[in-house]
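What the coordinates show
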Amino acid sequence: MMENGTNPFWSCYALQEINVHEDNEAYASVDGIVFNNDMSVLCYYPPNKADSTYTIPSSVTTLATNSFNYTKNINSLTLPDTVITLSNECFGHAKIKSIILNDNITVIPRSCFSGSFIEEIVIPDSVEAIEYGAFYNCNNLKNVTIGSGVKTIADSIFQYCDELTAIHYKGTEAQWNEIVIHEENVYLNNMAIHYVTDEMYKDGFESDCETDGHTSGIYCAECELYVTGDTLYAPG
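**With respect to the pairing of strand 13 (residues 166–169)**
It is a general feature of regular strands that their side chains alternate between the two faces of the sheet. Burial of strand 13 is two-sided: the residues Ala166 and His168 facing one way and the residues Ile167 and Tyr169 facing the other way are all buried. By the bridge criterion, two bridges tie strand 11 (residues 143–146) to strand 13 in an arrangement that is parallel. Within the sheet, the bridge partner assigned to Ile146 lies in strand 13 and is Tyr169. The pairing of strand 13 with strand 15 (residues 192–195) spans four bridges and is classified as parallel.

**A short note on the side chain of Ser156**
By the secondary structure assignment, Ser156 is in the loop between strand 12 (152–153) and strand 13. Residue classification places Ser156 among the buried residues on the basis of a relative accessible area of 12%. Leave out the neighbours within four places in its chain, and Ser156 touches Tyr132, Gly133, Tyr136, Glu184 and Asn185.

**Re the packing of aromatic side chains**
Enumeration according to the criterion identifies 14 aromatic pairs in this entry. Ring centres 5.3 Å apart and planes at 25° place the aromatic pair Tyr45 and Phe68 in the stacked group. Of the two residues, Tyr45 sits in the loop between strand 3 (41–44) and strand 4 (62–63) while Phe68 sits in the loop between strand 4 and strand 5 (76–78), which places them 23 residues apart along the sequence. A relative accessible area of 0% places Phe68 in the buried class. Sitting over the ring of Tyr219, Lys202 keeps its end group 4.0 Å from the ring centre.

**Thoughts on the sheet that holds strand 3**
Strand order in the open sheet made by the five strands is 1-2-3-4-6, with mixed pairing throughout. Of all the strands in the sheet, just strand 1 (27–30) and strand 6 (85–86) have a single pairing partner and so form its edges. Strand direction decides the pairing type here: strand 4 and strand 6, joined by two bridges, are parallel. Counted as the bridge partner of Leu63 is Leu86 from strand 6.

**Digging into the sheet that holds strand 10 (residues 129–130)**
As summarised here, the arrangement of the four strands in space is 8-10-12-14, forming an open sheet in which the pairing is parallel. Every other strand in the sheet has two partners, leaving strand 8 (107–108) and strand 14 (180–181) as the edge strands with one partner each. Taken together, the two bridges between strand 8 and strand 10 define a ladder with parallel strand orientation. By the bridge assignment for strand 10, Val107 is matched with Ala129.

Cut-off values and rules
Residues numbered from 1 in each chain as written. Predicted model: local features only at pLDDT ≥ 70, side-chain atom pairs only at ≥ 80, totals over all residues. Heavy atoms only, no water. Buried < 20%, exposed > 50% of the residue type's maximum accessible area, 1.4 Å probe, protein only. Helix = DSSP H or I, 4+ residues; strand = E, 2+ residues; numbered from the N terminus. Pairing = 2+ DSSP bridges. Contact = heavy atoms within 4.5 Å. Phe/Tyr/Trp six-rings, centres within 6.5 Å; stacked < 30°, edge-to-face > 60°. Lys NZ or Arg CZ within 6 Å of the ring centre and 35° of its normal.

Structure, rendered in structure tokens:
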């Protein structure tokens, strides 16, 4: 049921854990998080679970629809290489600031991050399609890098991302012009496209009590931003 996008816990934003009975043949729970019975699908992460970090088990290949919807406390998340499928709205309205996608994901699905608190995202070269409203209304999004493997971009992907003024593309202008981009992309069409390469590599720096740091990565001098690598958030 939950794997098919119907979530009986929808709008239960105060949930901290869900425990599945051991005799349930369809679902299982670990640390209050719901999976299908063979642990290949992460079905639902309780929105108010207190942990600020989470490691997705290596058995997981799919994040179900709404699986991390409205999560309040996770700051960042790294997807293991085993995860190959993201589902619609799986990170919708989540307060996650940073997500590291692996190189096995081929589609960013419909409304995947819509309304979330994501601040930066690197879309890997493995991704071929970005679907409708993938980053719709992400008000905190400031830094996006799109890999050179993208072939199609649906409509409204960055609609109402008011802090985002430029896109970093890991390819040439000629490659960008070959992408099939839906005409209803007002925000994207008004953004600058900065073409970045591996030659634009720069060493990172540590965070301190008040200032975020960053690991080494490709650096765009035009934006004065790292476009790959990870933000090291200040503890304060």
